[in-house]
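# Working through the structure, step by step
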Amino acid sequence: MWLMRQAGRYLPEYRALRAEKGGFLALATDPEAAAEITLQPIRRFGFDGAILFSDILMVPWALGQDLWFEAGEGPRLAPKLTTHAAIDALGLADTAKLQPIYDTCTRVAAALPPEVTFLGFAGSPWTVATYMIAGQGSKDQAEARTLAYADRAAMTALVDRIVDLTVDYLAQQIAHGVEAVQLFDSWAGSLSPTQYEDWVIAPNARIVAALHQRCPGTPVIGFPKGSGAKLVDYVAGVRPDAVGLDETVDPAWANAVLPTDLPVQGNLDPIALFAGGDALDAGIDRILDAFTDRPHIFNLGHGIGQFTPIEHVQQLIDRVRSPR
């Protein structure tokens with residue numbers, strides 16, 4: 001059991017450190033602070049996995065886009081990559097920008113109890129590309145989807161750049177102590193079947209295959225949020241070592257259609273965790289009952305909300321770990 005975004009702003013100890021150190025990017029590139037944040041939920045709750053405190057937009061930052069975080073609004077990237085010429089203008093990756101993340105990995109790996117797994121991550125190419133093209137998050141990823149239809153060569157060039165750096169980025173995380181990695185494809189659900197094959201399955205498959213070759217034995221978890229029935233194709237095409245399910249997926253359906261030996265991760269609704277009480281217990285039990293006969297990592301269907309009460313997280317932990 002671990003929770004997406006478990007190291008972050010719902011914790012009072014995180015908010016105190018952020019007030020002392022500054023904004024998100026300053027924290028993520030400060031190995032001492034980022035390691036402390038990664039370890040905070042392990043000390044408080046005793047999760048089975050620690051998730052690296054960082055962000056999926058470190059890759060576009062290293063590829064040359066300016067990155068900053070607007071208070072209350074989220075990340076921003078500039079310049080927007082809306083043309084092939086703008087994509088071609090990207091220089092070589094500045095890998096020195098990523099060194100603080102690797103230094104954080106080294107610190108965390110040395111500090112974690114041996115029974116706690118250390119998880120790293122990166123954004124999947126499609127999701128990262130949507131931010132690079134629009135300069136921020138968007139509801140329907142229309143700018144990226146339009147570019148993919150109108151100029152396939154441009155989108156291919158951008159995705160190729162992201163794939164290559166992501167493989168190196170995750171391999172370096174692993175070399176510095178990470179024991180498993182997750183690929184976050186937060187916007188996979190916005191694509192048509194053809195675009196899903198081109199921009200979700202194919203790029204993620206390249207990353208997984210490359211990591212299996214470079215880092216044999218290191219599990220890769222795929223998380224294609226919003227994929228629905230396309231999860232079956234994702235698993236067959238990408239061949240991850242485990243697959244994360246978002247909260248819209250019926251766990252009983254997933255258990256019936258996915259390969260019987262495939263570990264699954266998820267998929268409690270973060271809003272159920274926020275609500276707490278009987279609804280939280282019922283949601284937990286439904287997931288546990290569905291995955292009784294397969295390897296299962298208990299997690300949320302997406303990231304924990306910043307206003308989630310601490311006592312609800314403890315309720316979740318107690319329920320999952322209670323005898324059944």
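In the block above lies the structure referred to throughout.
Summarised in this report is the structure supplied together with it. (Residues numbered from 1 in each chain as written. Predicted model: local features only at pLDDT ≥ 70, side-chain atom pairs only at ≥ 80, totals over all residues. Heavy atoms only, no water.)

## Focus: the nonpolar core
Core analysis: the biggest nonpolar cluster contains 117 residues, and Met-155, Leu-268 and Leu-316 have the highest contact counts within it. With twelve residues, helix H9 (residues 152-175) is the single largest residue contributor to this core. Not counting residues within four places of it along the chain, the set of residues in contact with Leu-268 comprises Glu-247, Leu-273, Leu-280, Gly-283, Ile-284, Ile-287, Phe-298, Asn-299, Leu-300, Gly-301 and Leu-316. (Core = buried A, V, L, I, M, F, W, Y, C linked by side-chain atoms within 4.5 Å. Buried < 20%, exposed > 50% of the residue type's maximum accessible area, 1.4 Å probe, protein only. Helix = DSSP H or I, 4+ residues; strand = E, 2+ residues; numbered from the N terminus. Contact = heavy atoms within 4.5 Å.)

## Quick notes on the packing of aromatic side chains
On inspection of all chains with the given rule, the structure shows seven aromatic pairs. Aromatic side chains Phe-45 and Phe-47 sit 5.5 Å apart centroid to centroid with 50 degrees between the ring planes, which places their arrangement in the tilted category. Take Phe-47: its relative accessible area is 1%, and that puts it in the buried class. One aromatic cluster in this structure is built from Tyr-14, Phe-24, Phe-53 and Phe-69. If you follow Lys-230 out to its NZ or CZ, it ends over the ring of Tyr-196, 5.2 Å from the centre. (Phe/Tyr/Trp six-rings, centres within 6.5 Å; stacked < 30°, edge-to-face > 60°. Lys NZ or Arg CZ within 6 Å of the ring centre and 35° of its normal.)

## Some words on the packing of helix H7 (residues 125-134) against H9
Running from N to C, H7 and H9 cross one another at 115 degrees; their axes reach a closest spacing of 10 Å. H7 and H9 meet at a crossing whose hand is right-handed. Of the residues in H9, those in contact with Pro-125, Trp-126, Val-128, Ala-129, Met-132 and Ile-133 of H7 are Met-155, Leu-158, Val-159, Ile-162 and Val-163. Classifying every residue of the contact of H7 with H9 gives eleven nonpolar, no polar and no charged. (Axes fitted to C-alpha atoms, helices over the stretch in contact; angles between N-to-C directions. Left-handed = near helix turned anticlockwise from the far one by under 90°. Nonpolar A, V, L, I, M, F, W, Y, C, P; charged D, E, K, R; others polar.)

## With respect to the pattern of salt bridges
If you walk through the whole model with that rule in mind, you get ten salt bridges. Residue Glu-36 is joined to Arg-43 by a salt bridge in which the shortest nitrogen-to-oxygen separation is 2.9 Å. Taking relative accessible area as the criterion, Glu-36 reaches 28% and is therefore assigned partly exposed. Residue Arg-319 is joined to Asp-281 by a salt bridge in which the shortest nitrogen-to-oxygen separation is 3.5 Å. One end of the pair, Arg-319, is in helix H15 (residues 310-321); the other, Asp-281, is in helix H14 (residues 277-290), with 38 residues separating them in the sequence. For Arg-319, a relative accessible area of 29% gives the class partly exposed. Counted as one network, the salt bridges with shared partners bring together Asp-281, Asp-285 and Arg-319. (Salt bridge = Lys/Arg side-chain N within 4 Å of Asp/Glu carboxyl O.)

## Some points on the side chain of Thr-308
Following the sequence through the fold, Thr-308 ends up in the loop between strand S9 (296-300) and H15. In terms of polar contacts, Thr-308 uses its side chain to reach the backbone carbonyl oxygen of Gly-305, at 2.8 Å. When neighbours within four sequence positions are excluded, Thr-308 is seen to be in contact with Tyr-10, Leu-273, Phe-274 and Val-313. (Polar contact = N/O pair within 3.5 Å; in protein donor to acceptor, adjacent residues only side chain to side chain.)

## Brief notes about the environment of Trp-2
Counting through the fold element by element, Trp-2 comes out in the segment before helix H1 (12-21). For the pair Trp-2 and His-312, spaced 310 residues apart in sequence, the C-alpha to C-alpha distance is 14 Å. In this view, Trp-2 contacts Phe-47, Gly-49, Ile-51, Leu-119, Gln-182, Gln-265, Ile-297, Phe-298 and Asn-299; residues no more than four positions away in its chain are not counted. Among the polar contacts made by the side chain of Trp-2, one reaches the side chain of Gln-265 at a distance of 3.2 Å.

## Regarding the sheet that holds strand S6 (residues 220-224)
Spatial strand order, S1-S4-S5-S6-S7-S8-S9: seven strands in an open sheet with parallel pairing. Edge positions in the sheet fall to strand S1 (49-51) and S9, since each of these pairs with one other strand and no more. Averaged over neighbouring strand pairs, the angle between their axes works out to 25 degrees when direction is ignored. Sitting on the sheet, helix H10 (residues 193-214) touches strand S5 (180-185) and S6, and the angle it makes with S5 is about 170 degrees. (Pairing = 2+ DSSP bridges.)

## Quick look at the side chain of Asn-204
Structurally, Asn-204 can be placed in helix H10. By relative accessible area, Asn-204 is classed as buried at 0%. Once residues lying within four places of it in the same chain are set aside, the contact partners of Asn-204 are Ser-124, Pro-125, Leu-183, Asp-185, Tyr-234 and Val-238.

## Focus: the environment of Phe-53
Within the secondary structure, Phe-53 is located in the loop between S1 and helix H4 (58-62). In this structure Phe-53 comes out as buried when scored by relative accessible area, which is 5%. Separated by 197 residues in the primary sequence, Phe-53 and Asp-250 have C-alpha atoms spaced 29 Å apart. Residues in contact with Phe-53, not counting those within four places in the same chain, are Ala-7, Tyr-14, Phe-24, Leu-27, Ala-28, Ala-34, Ile-37 and Thr-38.

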